[in-house]
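Descriptive analysis of the structure
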Amino acid sequence: MIASLFRIILVTFVALIWLGMGLLPFAAKAEPLRLEAQAGQCQYGLAPEGIWWNDAYQTSIERRNTCFQLGLSRIEAKKGWADIGWRASYVDLGKLTADNQFAMRDDQQFEEFDPHRCDLATQRNCVGRGVISQQARGLLLAGLIERDFGGVRLGLDAGGYLYHGRFKVALIQQATGKEIANLDWSGWRITPSVGLTAVYGVAFASIRSFASVQAAEHNCGGCSGITMGPAWAALIGVQVPLR
């Protein structure tokens, strides 16, 4: 299922390339189609304490990671105040990793107990360890406006990010050191996105926010990952006209 969905994204992306190039002769007022490639740093928002992490226990969370964006954009019309166009990109926000300890029972997340009295049958008074990874990747579609300021082309885009969020965790029982569960949850979601861009020559920089990025399996109560809320991307790369 997941592989099929990513194939759909790939086919859609390739179709956008061919569609854009095919429409070039008919868009007399449009500027050339632009190929954009960027890489940089992204950071996920963290779910509230008690959802796969707790400061009362040993916690190690790497929210910031390497990420990239590959796509197309084009200016369709020029107005007196700005140029207007669109952007379509494949965006991979990279992978969050974590190695956290927490109470095995949700009703004991914020109460003190003696872990030496761990009851393996009920998991009461037991501490668990979660070796976690989470990632989001998908298709960004946005409208944009741009304007030149002294040789630097500044832009603003806003649209939607259709992404596949996936959460994986190996759950280890601290009392025995044994893995007791290996969970893998995922689902498709969409969130608003806003980006600020700057172009000088072919150099292309952007800062982008995504309103809410998470991994939660649909029709599965409680099947959610460690991220929640806004995610950020700071990227640099190139923007190259295709003609």
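Remember, predicted model here, so these are calculated numbers, not experimental data.

A closer look at the packing of aromatic side chains
Inspection of every chain in the model, using the stated rule, returns seven aromatic pairs. Seen in terms of ring centroids, Trp52 and Trp185 are 6.1 Å apart; in terms of plane orientation they differ by 55°. Their pairing is tilted. Here the residue Trp52 occupies a position in the loop between β1 (34-43) and β2 (61-62), and Trp185 occupies one in strand β7 (residues 178-200), the gap between them amounting to 133 residues. Of the residues examined, Trp185 reaches a relative accessible area of 14% and is grouped as buried. Put simply, the rings of Trp52, Phe102, Phe167 and Trp185 touch in pairs and so form one group of aromatic residues.

Remarks on a nonpolar patch on the surface
Together, Leu35, Phe68, Leu70, Val202, Val238, Val240 and Leu242 make up an exposed nonpolar region whose accessible area comes to about 500 Å². At the level of elements, β3 (64-78) and β9 (231-241) are the ones that each hand at least two residues to the nonpolar patch. On the secondary structure map, Val240 appears in strand β9. Accessibility expressed as a relative area gives 36% for Val240, which makes it partly exposed.

Details of the environment of Pro32
The topology assignment puts Pro32 in the loop between α1 (2-23) and β1. When the C-alpha atoms of Pro32 and Leu242 are compared, they prove to be 6.3 Å apart, with 210 residues separating the residues in sequence.

Observations regarding unusual backbone geometry
In the Ramachandran plot, Trp52 falls in the positive-phi region, its phi being about 70° despite a non-glycine side chain. Non-glycine residue Gln123 carries a positive phi angle of around 70°.

A look at the side chain of Gln109
Here Gln109 shows up in the loop between β4 (83-103) and β5 (127-149). For Gln109, a relative accessible area of 7% translates into the label buried. Engagement of the side chain of Gln109 in a polar contact is seen with the backbone oxygen of Ala103, the distance being 2.5 Å. In contact with Gln109, not counting residues within four places along its chain, are Gly50, Asn54, Tyr57, Phe102 and Ala103.

Side note on the side chain of Thr197
For Thr197, the position within the fold is in strand β7. What makes Thr197 buried here is its relative accessible area of 6%. Beyond its immediate sequence surroundings of up to four residues, Thr197 is in contact with Arg87, Arg153, Leu154, Gly155, Leu156, Asp157, Phe204, Ala205 and Ser206.

Notes on the pairing of β4
Among the 21 residues in β4, 16 count as buried, and that is most of the element. Two elements, β2 and β4, share two bridges in a ladder whose sense is antiparallel. The residue of β4 that forms the bridge with Ile61 is Ala98. Looking at chain direction, β3 and β4 are connected through 10 bridges and run antiparallel. Bridging across to β4, Lys78 finds its partner in Asp83. Adjacent in sequence and paired antiparallel, β3 and β4 are bridged by four residues.

Calculation rules
The residue numbering used here restarts from 1 in each chain and proceeds along that chain's sequence as written. Local features are withheld for residues below a pLDDT of 70 in this predicted model, meaning they are given only at 70 or higher, and side-chain atom pairs are given and counted only at 80 or more; totals for whole chains, interfaces and linings count all residues. The basis for the side-chain values is all heavy atoms of the structure; hydrogens and waters are excluded. The aromatic pairing rule takes the rings of Phe, Tyr and Trp, using the six-membered ring of Trp, and pairs them if the centres are within 6.5 Å, calling planes under 30 degrees apart stacked, those over 60 edge-to-face and the rest tilted. Only DSSP runs of H or I with at least four residues qualify as helices, and only runs of E with at least two residues qualify as strands; both kinds are numbered from the N terminus onward. In this scheme, a residue with accessible area under 20% of its type's maximum is buried, one over 50% is exposed, and one in between is partly exposed, where area comes from a 1.4 Å probe on protein chains only. To count toward a patch, a residue needs a relative accessible area over 30% and no salt bridge; like charges are then connected within 9 Å, while nonpolar side chains (Val, Leu, Ile, Met, Phe, Trp, Tyr) are connected within 5 Å. To be clear on the numbers: accessible area is Shrake-Rupley with a 1.4 Å probe, and residue cover counts the displayed protein chains and nothing else. In the sections that follow, a salt bridge refers to a side-chain nitrogen of Lys or Arg positioned within 4 Å of a carboxyl oxygen of Asp or Glu. Throughout this description, a polar contact denotes any pair of N or O atoms lying within 3.5 Å of each other; where both atoms belong to protein, one of them has to be capable of donating a hydrogen while the other can accept it, and for residues adjacent in sequence the pair is counted only when both atoms sit in side chains. Contacts are residue-level and defined by heavy atoms, with any inter-residue pair within 4.5 Å sufficient. At least two bridges found by DSSP between two strands is the condition for calling them paired.

Spatial relationships are all this shows, so hold off on functional conclusions.
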